[in-house]
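Here's the letter readout for the chains.
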Amino acid sequence: MAMHIAEGFLPFPWAAFWWLVSLPFLLVGLRSLARITREHPELKLLLALAGAFTFVLSALKIPSVTGSCSHPTGTGLGAILFGPSVMTVLGGIVLLFQALLLAHGGLTTLGANMVSMAVVGPLVAWWIFGALLPTGRTRLAVFAAAALADLATYVVTAAQLALAFPAANGGFGASLAKFGAIYAVTQVPLAITEGLLTVLVWNWLQAYGKPELKTLQLIQQES
Amino acid sequence: MSHRIDALAHGNRLRLLPPLHKACFAATMLVLALVAPVPVQVLIGLWLALWVVGYAGIPAGTYLAMLLLPLGFAVSSLPAIVISAAGQDGPAGMQADAWRGLSLPAAGWTLYISNHGLSQASALLARSLAATSALFFLLLTTPFSEWIQVLRRLRVPPLLLELMVHIYSFIFILWAIVDEIAVAQRARSGHSSWRRTLRSLGLLIGQLLERSLASYRGRALALEARGFQGDLRVVSCASHRVSRRYLAEAIGGCAVLGALSIAWQ
């Protein structure tokens, strides 16, 4: 979870800018959620369950290849199971609770964290999963979607930090290279681990969780 | 983890102040923390520590440990800002930017501590301290249920609030399930190697999904049996009292800090 931008880390203009960027996505997600829940009020609970599931998932420690421990983002799995627009709203709430209950992230940086983790991550996962599914290799699709969603999240976070803290020499580009290099060492192994983990969960769901998958498909068909 | 923050918030001595007042105070501090100069940011951190430890009665050790966690994250990303690299011949700007002219040649590159980076880093640390203090003041003095009341008065979409309330209650149910499964796995050497740990985690997440869906079905059935139409209304019977003493200190302090940040800009 080191990729959460901590409270007060971004200067005021950038914090406000990322809030503005995230708002339209949040509104679109809310509108599609409102439509779903108007027709099926009981799905509200299921959506809340999905949010709580993502939160608990993100608070688990997973072993990274390099020996350190970190936390999965869960955005890949969430986007595959619930679709990207629903995941934006749920991801936003999850990020808020992470700030409130775990002191990870913050209120002023919530906008920036939402853009990287609740907007870009799920969109990338959804797009890759959709692109690879027709090849018939579902597990590869799940792995690539989860791992690349993670990577996309880190790239966006690195870019956000580089924009806020340009280097004196070389400006944005030099700063992006520095943040990118640090993330590449720590987060690429983590992305691979999360990909593998998501495939294991997927296998389990295919083997024992058919009825659960059917229930979840309800949300996707509606959105 | 979360139980701790929640328990502290429910038992703190500023519990009876109106949540809207506390939220306004914290929001003012947060904005001031982002725009004020460094000395004012440090003052904000100290003043809020007085509120949290002195007035709200949160143990100083607990508050310090909580502050160190996010500040630790901030510190861990400082090297990327402070250390810069330039090509061997080095652009002319490097000499001017290098701290005390120190530089370290490495593999065709020159590493140096950047003056520009140092000033960015010190501004960042002060800002993080002040903003985190403002967030923690609200976290430690206002329980979650009162946050929802405030957000409702701020006209946040009801659907969003409802989802938040449901998610909040589900989190604790799921967390208990995770605890049980994790204990069972540890007792059976589920984490003896890297591969096993990964397999155990996959099993845990799959099981968690199944068991949480089972608890969802039970809840949905129970709600439907009671005529659930889509919204859940809860009676709130907490009574709040306005304290003139705290109100005066908050307004006075905000005014002084605001004036100082304009004077020192």
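Computed from a predicted model, the values in this text were never measured in an experiment.

Cut-offs applied
Residues numbered from 1 in each chain as written. Chains lettered and ligands numbered in written order. Predicted model: local features only at pLDDT ≥ 70, side-chain atom pairs only at ≥ 80, totals over all residues. Heavy atoms only, no water. Patch = residues over 30% accessible without salt bridge, like charges linked within 9 Å, V, L, I, M, F, W, Y side chains within 5 Å. Areas by Shrake-Rupley, 256 points an atom, 1.4 Å probe, with all protein chains shown as cover. Salt bridge = Lys/Arg side-chain N within 4 Å of Asp/Glu carboxyl O. Helix = DSSP H or I, 4+ residues; strand = E, 2+ residues; numbered from the N terminus. Buried < 20%, exposed > 50% of the residue type's maximum accessible area, 1.4 Å probe, protein only. Contact = heavy atoms within 4.5 Å. Buried area = accessible area lost by both parts, 1.4 Å probe. Polar contact = N/O pair within 3.5 Å; in protein donor to acceptor, adjacent residues only side chain to side chain. Nonpolar A, V, L, I, M, F, W, Y, C, P; charged D, E, K, R; others polar.

(A) Here's a closer look at a nonpolar patch on the surface. Taken together, the side chains of B:Val38, B:Val42, B:Leu43, B:Leu46 and B:Trp264 define a hydrophobic patch exposed on the protein surface, amounting to about 440 Å² of accessible area. On the secondary structure map, B:Leu43 appears in helix H3 (residues 38–55).

(B) Up close: the pattern of salt bridges. Using the criterion set out here, one finds 4 salt bridges over all chains in the structure. A:Lys44 is the partner of B:Glu162 in a salt bridge, and the nearest nitrogen-oxygen pair spans 2.9 Å. Remark: A:Lys44 occurs in helix H2 (residues 43–59) and B:Glu162 occurs in helix H9 (residues 158–187); the pair is interchain, linking two chains. A:Lys44 carries the same exposure label as B:Glu162, and that label is buried. B:Glu180 is paired through a salt bridge with B:Arg211; the nearest N and O atoms lie 3.3 Å apart.

(C) The arrangement of the interface of chain B and chain A in detail. With 71 residues of chain B in contact, the opposing surface of chain A contributes 66 residues. With both chains or domains summed, chain B and chain A bury close to 6,400 Å², and 81% of this area falls on carbon and sulfur atoms. One can count 1 salt bridge joining chain B with chain A. The tally of links from chain B across to chain A stands at 3 residue pairs in polar contact (both at pLDDT 80 or more). Ranked by residue count, the leading element in the side of chain B that touches chain A is helix H10 (residues 194–225) of chain B, at 21 residues. When grouped by side-chain class, the residues that make up the side of chain B that touches chain A number 47 nonpolar, 16 polar and 8 charged.

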